[in-house]
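Working through the structure, step by step
Here are the chains, one letter per residue:
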Amino acid sequence: MSTRITDDLVASSSTDSHGVVGSPTATHPSHPFQSQSHPTQPAIPASASNLPNVSIPSRPSLSSKSSSSPRDLAQKLIWRANLPPRQPPDGRSDVTSVNQTESISVVEPSFDENVLRALCELDCGVPLLLDRIKQSMVSCREASVFFKKRAVLEEEFGRGMQKLAKNTAEVYAMNDGKAGSFVNAWQTTMKIHEIIAENRLRFASRLNEMSEELANLAKEVDKNRKATKELATRYERNLQESEVTTEKSKARLDTTMEELGRILLQKEGEPTKDSVIQARTQAGGKRAIGKAVAKGGLLLKGKNPGNIQRQEDDIRARVQASSQAYHKSVQETQGLRQEYFNFQLPRILRALKECADEIDLGTQYHLTRYAFLFESIVLSDGSTLAPTGIEDGPGLKPTIESIDNRSDFKVYMQNYAYAHGGVQRGPRRTGPEHEGFLPPLPQHVDRMNPTPHSANTPSSSHSQLPDRSRPTFGVDLAEQMARDGVDVPPIVVKCCEAIEKYGITTVGIYRIGGTMSKVTRLKEKLDKDLDSTNLDAEEWSGDISNVTSVLKLWLRELPEPLLTMQLHQGFLDAAKIENDRLRHIRLHERVNDLPDANYAMLKYFLGHLHKIVRCETQNAMSIGNLAIIFGPTLFPPTVPNGVNGQDGLAGATIQNKAIETILEHYTDIFVDESEVS
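Every residue gets a number counted from 1 within its own chain, in the order that chain's sequence is written. Per-residue local features are limited, in this predicted model, to residues with pLDDT of at least 70; the limit for side-chain atom pairs, both in listing and counting, is 80 or more; totals at the level of whole chains, interfaces and linings are taken over all residues. Only hydrogens and water are removed before side-chain values are computed, so all heavy atoms of the structure are retained for them.

Time to look at the overall build of the chain. Segments assigned H or I by DSSP are reported as helices when at least four residues long, segments assigned E as strands when at least two residues long, and all are numbered from the N terminus. Counting secondary structure elements, the chain contains 24 helices and zero strands. In this scheme, a residue with accessible area under 20% of its type's maximum is buried, one over 50% is exposed, and one in between is partly exposed, where area comes from a 1.4 Å probe on protein chains only. Every one of the 677 residues in the chain was classed for burial, and the buried ones make up 38%. Any two residues whose heavy atoms approach within 4.5 Å at even a single point are treated as in contact. For the chain, long-range pairs separated by at least 24 residues make up 77% of all intrachain contacts whose partners lie at least 6 apart in sequence. All accessible areas in this document rest on Shrake-Rupley with a 1.4 Å probe, and a residue is counted as covered only by the protein chains that are shown. Carbon and sulfur atoms form 54% of the exposed surface of the chain, whose accessible area is close to 38,100 Å².

What follows is the structure, given as structure tokens:
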């Protein structure tokens, strides 16, 4: 804050032609700008080191000559103590020849003492600084208003961007849009926009703070400027009043001296009076002679020598009193003038200069801070759109480029064919020849393997694989487990172990489908002779996506989905809960309601997916990605009472949310403390 001036109560002391005016034991009032009455002989403190919150240069030594006027004397004494011996006149001012190494100064290093000395030499120093502060306050307020308006714009932009990104994400989730890699890229894009919006809101908050600080700075400086101006006006008015009083005392002394001269003329007689009149004639002409004769005539009329003597004594007494009053007034005026020009004026100019420096530096600081924040927000937006480090996540362009339309369409085609495969929506593909259908195409013969086989000719498969009478595809889950006497179907264990062994680090595991012909062939082998099928063979371990496709196909061909038709609506209701903890609890309850066979199968299979998620950094398969893949697989394709047919993508999103929540809390739902230990 700007330095405040205190109106000091100074002690009186005597002066001589070479003495020091003032006392080092001066006292100071406790309140700034407090007016004090000055004693008859005002003095200047010997040092300003004990002044509160004010740094004053060392008090100059005062010397005077009787022939100099008080004002000339005061001007000659300003900063005399800090000046070296006067050099021969060369047209330069004494102020410019200050020896900085020898002068003792208590001014802060950042304060330009030469500027203060130059201001003290100017008659317009105070109004100059007052006008300068007014200009600085205008600039400060303009900067404050600009920051405020810019903050409003940034806040509107940030809130609008935030609302747009959130609403867009919610609307897309409710509409029948594309899934897969596109929805992941879309959600990431909206999150990037939300981050940019949050950065803009923080920028707006900083701008509001800077605007308030500048406004408060301008108010405080304006308050100090007015107070200092009032103090300077009061000192100038006191000095002017003292000068007027001195002039009046001088006029009274002159009048009394004229009366004494006339009484002396009367007392001395006519010769003396004629000489006086003659002297006045030389000085003032006929008019002066007429005034002297007229006044002398009045004095001589009706007066005797006794009365003349008494009048002389009375006039002499009045002359002495007027002379003393005049000399006293001259001393008081000289003291006030010396105090004002040597002490009060430098303090006032210092306070005003510090106010100007404070508001100028404060405005420049906040403008510099604004430039830094503006640069930082632009760089932050750039790093959000195109981060330099891997840990910062993908940027906007890589996110858009990560969309795999081919894989998305492949997954969509498989899911659509599974969901609508049993519904006849066009002409029949095959039928009896008498109805006009063409005979089946000839079997494909592989040149590497001359044995013909085809997915559409089961007879060829039967000739190659012995039937062990243990079918597993399309068989009820509980029947399989009861038939084989196991807790988990062997085909699931066999496939999961092979996937964990050869494909757990494969990028896009479960998302990328296998070759249709190989998937069909592997399905037949597993369905006819599960035990003899070797998934460690190069044919299957080399492209593990064929194994993952067979496992998903087995889950889809269950007569009843793994999460059952009966509990489907309960899972959906639980997944719709917004509160994470409550949603977890309700889904845990639905899982516990599953039949034993379904519960055991779900526990084993989600444990397998849990291992896949733990290698997310290598296979890029997060919980959300797996939930999107297995939501339609583990839940039934239709909902009882025809609800699902009306939900569309919203129903699929809820199913995915249920799988995502169960997989996130796999340990809490399925793993007992005893198993963990």
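It is worth spelling out a nonpolar patch on the surface at this point. Residues forming no salt bridge and having over 30% relative accessible area are the ones grouped into patches, like charges within 9 Å of each other and nonpolar side chains (Val, Leu, Ile, Met, Phe, Trp, Tyr) within 5 Å. Every case where a carboxyl oxygen of Asp or Glu lies within 4 Å of a side-chain nitrogen of Lys or Arg is listed as a salt bridge. A grouping of Phe 409, Tyr 412, Met 413 and Tyr 416 is seen on the molecular surface, where their side chains present a nonpolar patch of about 460 Å² in accessible area. Tracing the sequence through the fold places Tyr 412 in helix α9 (residues 405-420).

What follows covers the nonpolar core. For our purposes a nonpolar core is just a set of buried Ala, Val, Leu, Ile, Met, Phe, Trp, Tyr and Cys residues, chained together by side-chain atoms within 4.5 Å. Core analysis: the largest hydrophobic core is formed by 61 residues, its most contacted members being Tyr 510 and Phe 605. Examining the composition of this core, we find that eight residues originate from one element, helix α18 (residues 596-614), more than from any other. Excluding its chain neighbours within four sequence positions, the residues that come into contact with Tyr 510 are Ile 499, Thr 548, Leu 551, Lys 552, Phe 605, His 608, Leu 609, Ile 612, Leu 626, Ile 629 and Phe 630. One finds Val 221, Phe 341, Leu 345 and Leu 349 within the second-largest nonpolar core, a separate group that totals 37 residues.

Let us look at the packing of aromatic side chains. Ring pairs are drawn from Phe, Tyr and Trp, using the six-membered ring of Trp, whenever the two centres fall within 6.5 Å, and their geometry is named by plane angle: stacked under 30 degrees, edge-to-face over 60, tilted for the rest. Under the criterion given, the structure shown has 14 aromatic pairs. Summarising the aromatic geometry, the rings of Phe 147 and Tyr 370 are spaced 5.2 Å apart at their centres and angled 35° between planes, so their arrangement reads as tilted. With Phe 147 in helix α3 (residues 125-174) and Tyr 370 in helix α7 (residues 305-385), this residue pair connects regions lying 223 residues apart in the sequence. On the basis of relative accessible area, Tyr 370 is assigned to the buried category, the value being 12%. Aromatic pair Tyr 510 and Phe 630: ring centres 5.1 Å apart, planes at 75°, arrangement edge-to-face. Of the two residues, Tyr 510 sits in the loop between α12 (490-502) and α13 (516-528) while Phe 630 sits in helix α20 (residues 623-634), which places them 120 residues apart along the sequence. Here a set of aromatic residues connected by ring pairs shows up, and it is made of Phe 146, Phe 147, Phe 203, Tyr 370 and Phe 374. Here, a charge over a ring is recorded when the distance from Lys NZ or Arg CZ to the ring centre is within 6 Å and its angle to the ring normal is within 35 degrees. Sitting over the ring of Phe 374, Arg 150 keeps its end group 4.4 Å from the ring centre. A cation over a ring is seen here: Lys 178 above Phe 182, with NZ or CZ 4.6 Å from the ring centre.

Counting across every chain of the model gives 24 salt bridges. Here Arg 316 makes a salt bridge to Glu 312, at a shortest N to O gap of 3.1 Å. On the criterion of helical spacing, the pair formed by Arg 316 and Glu 312 is a turn pair, its members being four residues apart in helix α7. For Glu 312, a relative accessible area of 5% corresponds to the buried category. Salt bridges sharing common partners tie together Arg 150, Glu 154, Arg 200 and Asp 381.

Since the α-helix packs 3.6 residues into each turn, any two residues three or four apart lie on the same face. Residue count minus one, scaled by 1.5 Å, sets the expected span of a helix. In this model α7 runs 115 Å from its N-terminal to its C-terminal C-alpha over 81 residues, within 8% of the 120 Å that 1.5 Å per residue would give. Maximal helix bending in α7 amounts to about 45°, located at Tyr 340. Take the seven residues that end at a residue and the seven that start at it, fit an axis to each, and the angle between those axes is the bend at that residue.

A separate point is the side chain of Ser 322. As for its placement among the helices and strands, Ser 322 is situated in helix α7. Sequence-distant contacts of Ser 322, defined by excluding residues within four places in its chain, comprise Arg 252, Leu 253 and Thr 256.

Moving on, we get to the environment of Arg 225. With respect to the secondary-structure elements, Arg 225 resides in helix α4 (residues 181-268). Along the sequence, Arg 225 and Ala 356 sit 131 residues apart, while their C-alpha atoms lie 9.2 Å from each other. Once residues within four sequence positions are removed from consideration, Arg 225 is found in contact with Leu 130, Ile 133, Lys 134 and Met 137.

In this model, Tyr 510 sits at a positive phi of 75°, which is unusual for a non-glycine residue. By relative accessible area, which is 1% here, Tyr 510 ends up buried. For Ala 620, which is not glycine, the phi torsion reads 60° and is therefore positive. Relative to the assigned elements, Ala 620 resides in the loop between α19 (616-619) and α20.

Taken residue by residue, the chain gives an average pLDDT of 74. The fraction at 70 or more is 68%. Contacts from residues 444-467, a stretch scored under 50 in pLDDT, to residues over four places away or in other chains number 22 contacts. Known as pLDDT, the predictor's confidence for each residue is given on a scale from 0 to 100.

On to the environment of Asn 625. Within the fold, Asn 625 resides in helix α20. Of the residues examined, Asn 625 reaches a relative accessible area of 14% and is grouped as buried. Between the C-alpha atom of Asn 625 and that of Gly 180, which follows or precedes it by 445 residues, the distance is 7.7 Å. When sequence neighbours within four positions are dropped, the list of residues in contact with Asn 625 reads Asn 184 and Ala 620.

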